[in-house]
Amino acid sequence: MLGRPLPPREDVGFLRGEAKFTADHTPPGTLHMALLRSEHGHARILRIDTARAAAMPGVRAVLTGADIADKLMPLPCVWIPGGVESHFPPHPYGVPGAGFVLAQERVRFIGEAVAAVVAETPYQAHDAINEIRIDYDPLPVVVDPREALTNTAPQLHDAVPGNLNAYWTCGDKDGTDAAIAAAEVVIELDIVNQRTINNPIEPRAAVGEYDAATGDYTLHVTSQSPHNHRFLLSALVLGIPFNKLRLIATNVGGSFGSKGYLYPDMPLVLYLAKELGQPVKWVDTRSGLMRSTVQGRDHTQKVVLAGTRDGQITAVRCTSWSNIGAYPSTIGPGVATSVMGRSITGPYAIPHAFAEVHVVFTNVVPLGAQRGSGRAEANYLMERLVDRYAAQIGRDPAAIRLQNMVPREKFPYDNGLGWIYDSGDYATALRLALTHVGYDDIEEQRDEARERGRRLGVGIASYVAVCGIGPSTRMSKEGMLGGTWESANIRVHPTGEIALTIGSQSTGQSHETVFAQIAADVLQIGMDSIVVFRSDTQKAPYGQGTYGSRSFSVGGSAVHLAATRIMTKMREAAAYCFEVDESDVDYLEGVFSVPDQPEKTKTFADVAMTLWYGWSLKPGMEPMLEETVYFDPADFNYPFGSHVAVVEIDQDTGEIDVVKYVAVDDCGTVGNPLVVQGQVEGSIVHGLGQALMEAARFDADGQLLTDDLRSYAMPRATDMPFFDLDRTVTPSPHNQMGAKGSGETATVPAATAISNAICDALGVRDIPMPITPEKVWRALQERRTS
C-alpha cells in the first residue's frame, strides 16, 4: 500500500461540505465572544469605559486587561534562540512572555486584543464591542527593525533595552571575513524578504466549555499542536492541573504554521465558560485574522558572496534584521534565527559561512512560521547571490550551481553552520529539471518570444531544506522548551480490524489516508480495516503536532514502528500455535502459514482472536495486540531539489506571465505520490504569491494597510502555469522508511526561481518582491532611457 497514489479518503467529506470544523461546534446554551482590538500601533491605555457595552441587549460579560490581570498569566514563548543573550517581556513562571491575554496599560500593535464581550448572539457581541470607549495616549511608533535599534526609537518593553530581543550568530566569522577580503570576486546585495500574511481557508476559532461538577475544561480549537497547547494553556496561562484540560481539534482548514501558536481567544473562552457557567464561542473574521494571527518572513538583509573568477564559491555572509513584531510569539524567535541562519549555504559546499541575526521588536503583528519559514528566506538570498555571481564572471548560472553543489560521495555533509545533510544527489535533480525545461534550447525560446514583443527569462533555484523537526536533544540546544518526538498507538480488535491513533495533527495533509497506508503496508491488510483517530488529547497519545514537514517522516515512523511490533508479536503467536519456530512461518497478504503444511494456516483475524482470548499463548506472552511508540529521530532530514521557472514579460505593460514551471524535488521515500503532488503544487503557489503579489504593508503609524482580500493580493487559478513535476528518490538514513519532508519544501525555492527569471528577462541586477507589473514597467522604462 505504501507508495501508491491513493485518493485521500477524507476528501469526500470536505468536497461535499460534510466535514465539521471548530466553527461548526455549538453546544447547547453557547454564548458568543467578540474581541475589541487596538486601533493604535502604540499607545497608553488611560481609561476604558465599558458601561454602555455592558448594558446592551444580550450582553453577559465585558472584560478588560485589568479584570483578568491576576487571573490569567501572559502567553508564553517556548523557543528562545540557543546560546545567546536574549531579552523578553517577563512571565510569572520564568519562561519568556509572549504578550498579555488582554492588553494591560499599553497597546503595542494594531490588532492587539484590548477587551472582550460575551453575549447571547455573535451579532450582539459585535454590536456591544462598538460601544466600548477607550481613551488612548498615542506613543511614537516604529515599524522598521533597523530604525527600532536606534537611540531615538520608542522602547516597546521596559525589560528589553534597545528593542533587541536577541542577537544570534552561527558559523566562522573570522574565516568568512578573511575569505571575503582575499576573494577575486565579491558580490553584495541588499535584500528585503517582505512580510506576508498567512491566509488559511479557515480563520481561527475556539469554543470553551467547563464542567462545574468535575472541574474539567474542554477546548475545541483550530490547532496544529493540540497536545502542546494543552500543556501551555493549563500550566502556564490558566494555572490549572494538566489533567483538567482537554483539547479537541477536529478538521483544521489549513494553517501554514499560523495555528501552532497560543492566542488570547484560547484561554479567554475557557475562563469565561467557567465564570458564566455556559459554553463560550469565538470565531475570527478574515480582517481579524490578518490583523492578529502571526505573519511570516520579514527579514531585511545585507548579504555577501565571495568566489574565484573560475566559478568556485569560497564564502557567504548574511547580516539579517528580523522583525518579530510587538511580542515574541510562541516560537517566533527560533524561527527567525536558527532555521534561517543555519540554512544560508543551501546545497553548496562553501568553505566559509557566517550568519548573524538581530531579532528586533517593532509595533507590528508578531512574527511566526509560514510555510517554508527560515529556509525560504535563506534560499532567496543564496540563489540571488549565485545568479549575480554567474553574471559577474560571465558564466552560465546552471553551470555555477553544478560546480559548487555538494557531491554525492560527500554525504553525510556538515555545512559548517550546524546542519549535517543526511543524503542527497543535488546535481542529478538540477540536471533533470534543466532537461524538463529545455534549457539547451532557451536562446531559441527567447528569440521566439522577442518576435511576439515579449521578453523571456529563465530562473533557477536549487535548495536543501531542514525538515522532520527533531531530535529533541538537538532542539533543546536550539532553545526549544519542549520535546519534538512523535507518537502512534495501534490497537488490533479481536476481529482483526485496527484502530490507529496518532499524535500528529492534520491541517490538510491527508493523515487519515497516508498513516493508514503505512500500517496497511507493514501488516499487509486492507485499508478498509484501519480507522485513524487523532485530534483529541483525551484519546490520542501525547504528540508534538504538525510543523516543520515532520508528519510523515517522524509521525509516520512511529506508526511504522508500532505496526512492526504488532507484526512481530503476531508472528510469534502464530508460530506457537503451529508448534514451529518463528523462522518457519510465512506471512503474505493477511495469512500466516507453514510451507508444505496446508493445515497450519491462520488469517490475521484468527491470530488477533487468539491473542484476544489468551487461551493458547506462549508462556510469558501477554494477551491482546496493542502497541504505543514514541519516536524521536536520530537527526533532521534534508529534502532537496531544483526548480526552474520560465516567464514572459509584456514590454509595453510589464505584465508577467509564468509560462512554464518545472519542479524536481527529492523527499526521500514517498508514502502517497498523489498527496505529495498536492503538497508540491500548493507550496509552489505559496512561493509564487510572495514573488508576484503578496505583501503586508504597514504605514508609519503602524496601521496595517492590507487587512482584507481587497487590499492583500493572493494568487488565483488564472495566475498558475501548468506544473511539470518530477522526483528523484534519495532515502534518509534517519528513519526506517527513508522519508523526508514534503509539506512545505517546494515553497522554499519557488519565489526565488520566479524572481530570478524576471531579473533574467529584464537584464537587471535585482528587483524587490513582490514584483508587480508596475515595478517591471518602471524597470523597462529605466532601461529604455539609460
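So, here is what we can say about the structure in this document. Small disclaimer: the values here were computed from a predicted structure and weren't measured.

### Things to note about a negative patch on the surface
Link 1 in the chain: On the surface, Asp 581, Glu 582, Asp 584 and Asp 586 cluster together to form a negatively charged patch.
Link 2 in the chain: By the secondary structure assignment, Asp 586 is in strand S22 (residues 586-588).
Link 3 in the chain: With relative accessibility at 39%, the residue Asp 586 sits in the partly exposed group.

### A short note on the sheet that holds strand S1 (residues 31-37)
Link 1 in the chain: Read from one edge to the other, the open sheet built from seven strands follows the order S3-S5-S1-S12-S9-S10-S11, with strand pairing classed as mixed. In the strand order of this sheet, the two ends are held by strand S3 (59-64) and strand S11 (245-248), each with one partner. In this sheet, adjacent strand axes meet at a mean angle of 20° when their direction is disregarded.
Link 2 in the chain: Bridging between S1 and strand S12 (residues 280-283) involves two bridges; their strand directions are parallel. In the strand pairing of S12, His 32 is matched with Lys 281.

### Regarding helix H18 (residues 604-613)
Link 1 in the chain: Three or more residues of H18 are buried, namely Phe 604, Val 607, Ala 608, Thr 610 and Leu 611. In a view along the axis of H18, the buried residues occupy a sector of 155°, so they form one face of it.
Link 2 in the chain: Gly 614 sits one or two residues past H18 and shows a positive phi near 70°.

### Focus on the packing of helix H16 (residues 511-523) against helix H17 (residues 551-578)
Link 1 in the chain: Running from N to C, H16 and H17 cross one another at 35°; their axes reach a closest spacing of 9 Å. Along this stretch, H16 crosses H17, giving a crossing that reads as right-handed. Where H16 approaches H17, its residues His 511, Val 514, Phe 515, Ile 518, Ala 519, Val 522 and Leu 523 are matched on the opposing element by Ser 551, Phe 552, Gly 555, Gly 556, Val 559, His 560, Ala 563, Thr 564, Ile 566 and Met 567.

### Quick notes on the environment of Arg 286
Link 1 in the chain: Relative to the elements of secondary structure, Arg 286 occurs in helix H8 (residues 286-292).
Link 2 in the chain: Exposure remark for Arg 286: the relative accessible area of 23% places this residue in the partly exposed category.
Link 3 in the chain: The spacing of Arg 286 and Arg 204 is 82 residues in sequence and 9.3 Å in space, taken between C-alpha atoms.
Link 4 in the chain: Non-local contacts of Arg 286, meaning those with residues more than four positions away in its chain, are made with Asn 199, Pro 200, Ile 201, Pro 203, Asp 707 and Leu 709.
Link 5 in the chain: A polar contact is formed between the side chain of Arg 286 and the backbone oxygen of Ile 201, at a distance of 3.2 Å.

### A closer look at the side chain of Arg 297
Link 1 in the chain: If you trace the backbone, Arg 297 turns up in strand S13 (residues 295-307).
Link 2 in the chain: A distance of 3.2 Å separates a polar side-chain atom of Arg 297 from the backbone oxygen of Gln 370.
Link 3 in the chain: A distance of 3.3 Å separates the side chain of Arg 297 from the side chain of Gln 690, its partner in a polar contact.

### Quick notes on the packing of aromatic side chains
Link 1 in the chain: Here the structure, examined in full by the defined rule, presents 16 aromatic pairs.
Link 2 in the chain: Taken together, a centroid distance of 5.8 Å and an interplanar angle of 55° make the contact between Trp 485 and Tyr 542 tilted. One end of the pair, Trp 485, is in the loop between helix H15 (472-477) and strand S19 (486-492); the other, Tyr 542, is in the loop between strand S21 (530-533) and H17, and 57 residues separate them in sequence.
Link 3 in the chain: Here the aromatic residues Phe 411, Tyr 413, Trp 419, Tyr 421, Tyr 426, Phe 636, Tyr 638 and Phe 640 are joined through ring pairs into a cluster of three or more.
Link 4 in the chain: Here Arg 204 stacks its cationic end above the ring of Tyr 263, 3.6 Å away from the centre of that ring.
Link 5 in the chain: A cation over a ring is seen here: Arg 230 above Phe 242, with NZ or CZ 3.9 Å from the ring centre.

### Structural notes on the sheet that holds S13
Link 1 in the chain: Spatial strand order, S7-S15-S14-S13-S8: five strands in an open sheet with mixed pairing. The open sheet terminates on both sides in strands that have one partner only, identified here as strand S7 (164-171) and strand S8 (185-197). Between one strand and the next, the sheet's axes are offset by a mean angle of 10°, whatever the strand orientation.
Link 2 in the chain: Where S8 lies against S13, 12 bridges are found, and the strand directions are antiparallel. Along S13, the bridge assignment pairs Val 192 with Thr 300.

### Digging into the pairing of strand S20 (residues 498-502)
Link 1 in the chain: Counted residue by residue, S20 has five buried out of five residues, so it is predominantly covered.
Link 2 in the chain: Residues Ile 498, Leu 500 and Ile 502 line one face of S20 and the alternating positions Ala 499 and Thr 501 line the opposite face, and both faces are buried.
Link 3 in the chain: One ladder, built from four bridges, connects S20 with S21; its direction is parallel. From the neighbouring strand, Thr 501 faces S21, where its bridge partner is Phe 533.

Rules used in this analysis
- Residues numbered from 1 in each chain as written.
- Predicted model: local features only at pLDDT ≥ 70, side-chain atom pairs only at ≥ 80, totals over all residues.
- Heavy atoms only, no water.
- Patch = residues over 30% accessible without salt bridge, like charges linked within 9 Å, V, L, I, M, F, W, Y side chains within 5 Å.
- Areas by Shrake-Rupley, 256 points an atom, 1.4 Å probe, with all protein chains shown as cover.
- Salt bridge = Lys/Arg side-chain N within 4 Å of Asp/Glu carboxyl O.
- Lys, Arg positive; Asp, Glu negative; His and termini not counted.
- Charge placed at Lys NZ, Arg CZ, Asp CG, Glu CD.
- Helix = DSSP H or I, 4+ residues; strand = E, 2+ residues; numbered from the N terminus.
- Buried < 20%, exposed > 50% of the residue type's maximum accessible area, 1.4 Å probe, protein only.
- Pairing = 2+ DSSP bridges.
- Axes fitted to C-alpha atoms, helices over the stretch in contact; angles between N-to-C directions.
- Arc of directions from axis to C-beta.
- Left-handed = near helix turned anticlockwise from the far one by under 90°.
- Contact = heavy atoms within 4.5 Å.
- Polar contact = N/O pair within 3.5 Å; in protein donor to acceptor, adjacent residues only side chain to side chain.
- Phe/Tyr/Trp six-rings, centres within 6.5 Å; stacked < 30°, edge-to-face > 60°.
- Lys NZ or Arg CZ within 6 Å of the ring centre and 35° of its normal.

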